[in-house]
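# Coordinate analysis (summary)
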Amino acid sequence: MGFKIVFFTLLTMIAYMALGFLLVKGKKAESSHAKSVSGLLIYALGPCMIINAFQNMEYSISNLKSSALFFATTLIIQVIFFVVMYFVFRKKLDNPVYRILCCGGLFGNVGFFGMPIVAALFPASSVVSCYSVFYTTSMNIISFTIGVYLITQNRKYMSIKEAIINPTGISVIFAVILYLLKIQIPSGIMAIIELLAKMASPVCMIILGMRLASMDLKKVFLQPFAYGVGLIKLLIYPLFAYAIAMLLPWGDNPFRISILVLSSAPTAAILLSLAELHECEQEISANVVLLTTMLS
């Protein structure tokens, strides 16, 4: 039953991606429009998705403890896996392609891609959507510190401030404060937030489809290195994360399954953003994001 839910949820996500692809190929949109739509996703739809997750989570000390433990667990798992990959590939890290491999094998689209899947798997457990939010938060901390250092090989670009002061970080802080103070947003405003939150995942996939349409498909599908990253991101890392989760003395079944599913999310667009920002293997980064999404 769980496999069926995940399978059809993924098919829906890929259908959204195909829509973006066909819009560009049919000349009803341009691939350059993806940048503008990304602004809508990052600054409006993403924050609404985060706020909606917390507003719909039942207030309880148990949920607070589980969320805090999930954040700490995913942060620790990512650090451990990063260290493992660093030692495995340390002799090859002078090559920027291998630095992209280490980041692409870890940073997943746990928000826009992972949240709909865990929510579909556990419809009666509102806390799992917040698990996705906290996983994204822990990933951002890793991305803007260890990840940036690995890509640039320069400590000056590491920034806790950037990991927190961004649309996702600010939205999480705001949503948590409302949750802790038991403040419910008025129903009229929440109706708007819920609608925008539901748009987040489809818009994310449409953007990826638009980007795919502008690329040479041979380069996307015939890049052996991207498949190597996919193997790490979609198989090795999720099994590693799940193995650690199973050994922990805390966490129920939804807790552990959420770690497995969210860790299995394809490589996040943050990899491409960091690669473009620091001018490091932008093309292979784009290939990795798109290919792992289709292979997922």
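Residues numbered from 1 in each chain as written. Predicted model: local features only at pLDDT ≥ 70, side-chain atom pairs only at ≥ 80, totals over all residues. Heavy atoms only, no water.

Per the counting criterion, the structure on display carries 16 aromatic pairs. Geometrically, the ring pair formed by Phe54 and Phe134 is edge-to-face, given 5.6 Å between the ring centres and 80 degrees between the ring planes. Residue Phe54 is found in helix α2 (residues 33-55), and its partner Phe134 is found in helix α6 (residues 127-152); the two are separated by 80 residues along the sequence. Centroid distance Phe70 to Tyr131: 4.3 Å. Interplanar angle 5 degrees. Geometry classified as stacked. You can see Phe70 sitting in helix α3 (residues 61-89) and its partner Tyr131 sitting in helix α6, a full 61 residues away along the chain. With relative accessibility at 2%, the residue Tyr131 sits in the buried group. Among the aromatic residues, those joined into a ring-pair cluster are Phe54, Tyr59, Phe71, Phe134 and Tyr179. (Phe/Tyr/Trp six-rings, centres within 6.5 Å; stacked < 30°, edge-to-face > 60°. Helix = DSSP H or I, 4+ residues; strand = E, 2+ residues; numbered from the N terminus. Buried < 20%, exposed > 50% of the residue type's maximum accessible area, 1.4 Å probe, protein only.)

With that out of the way, let us pick up a nonpolar patch on the surface. Residues Ile160, Ile164, Ile165, Ile170, Ile173, Ile177, Leu181 and Ile183 make up a contiguous nonpolar surface patch of about 710 Å² in total accessible area. At the level of secondary structure, the elements contributing two or more residues to the nonpolar patch comprise α7 (160-164) and α8 (167-180). Residue contributions to the nonpolar patch peak at three residues, all from α8. Structurally, the position occupied by Ile165 is in the loop between α7 and α8. Here Ile165 falls in the exposed class, since its relative accessible area comes to 52%. (Patch = residues over 30% accessible without salt bridge, like charges linked within 9 Å, V, L, I, M, F, W, Y side chains within 5 Å. Areas by Shrake-Rupley, 256 points an atom, 1.4 Å probe, with all protein chains shown as cover. Salt bridge = Lys/Arg side-chain N within 4 Å of Asp/Glu carboxyl O.)

Tracing the chain through its elements places Ser132 in helix α6. Among the residues examined, Ser132 registers a relative accessible area of 0% and is labelled buried. Excluding anything up to four places from it in sequence, Ser132 contacts Val110, Gly111, Met115 and Leu262. (Contact = heavy atoms within 4.5 Å.)

On to the environment of Asp216, then. Its place among the elements puts Asp216 in the loop between α9 (187-213) and α10 (217-221). Taking the relative accessible area as the measure of exposure, Asp216 reaches 41% and is therefore partly exposed. Taking the C-alpha atoms as reference points, Asp216 and Asn287, separated by 71 residues in sequence, lie 9.8 Å from one another.

So, about the nonpolar core. Core analysis: the largest hydrophobic core is formed by 95 residues, its most contacted members being Leu41, Phe54, Phe82, Leu106 and Phe107. Each residue touching Phe54, except ones within four places of it in the same chain, is listed here: Cys130, Val133, Phe134, Ala175, Val176 and Tyr179. (Core = buried A, V, L, I, M, F, W, Y, C linked by side-chain atoms within 4.5 Å.)

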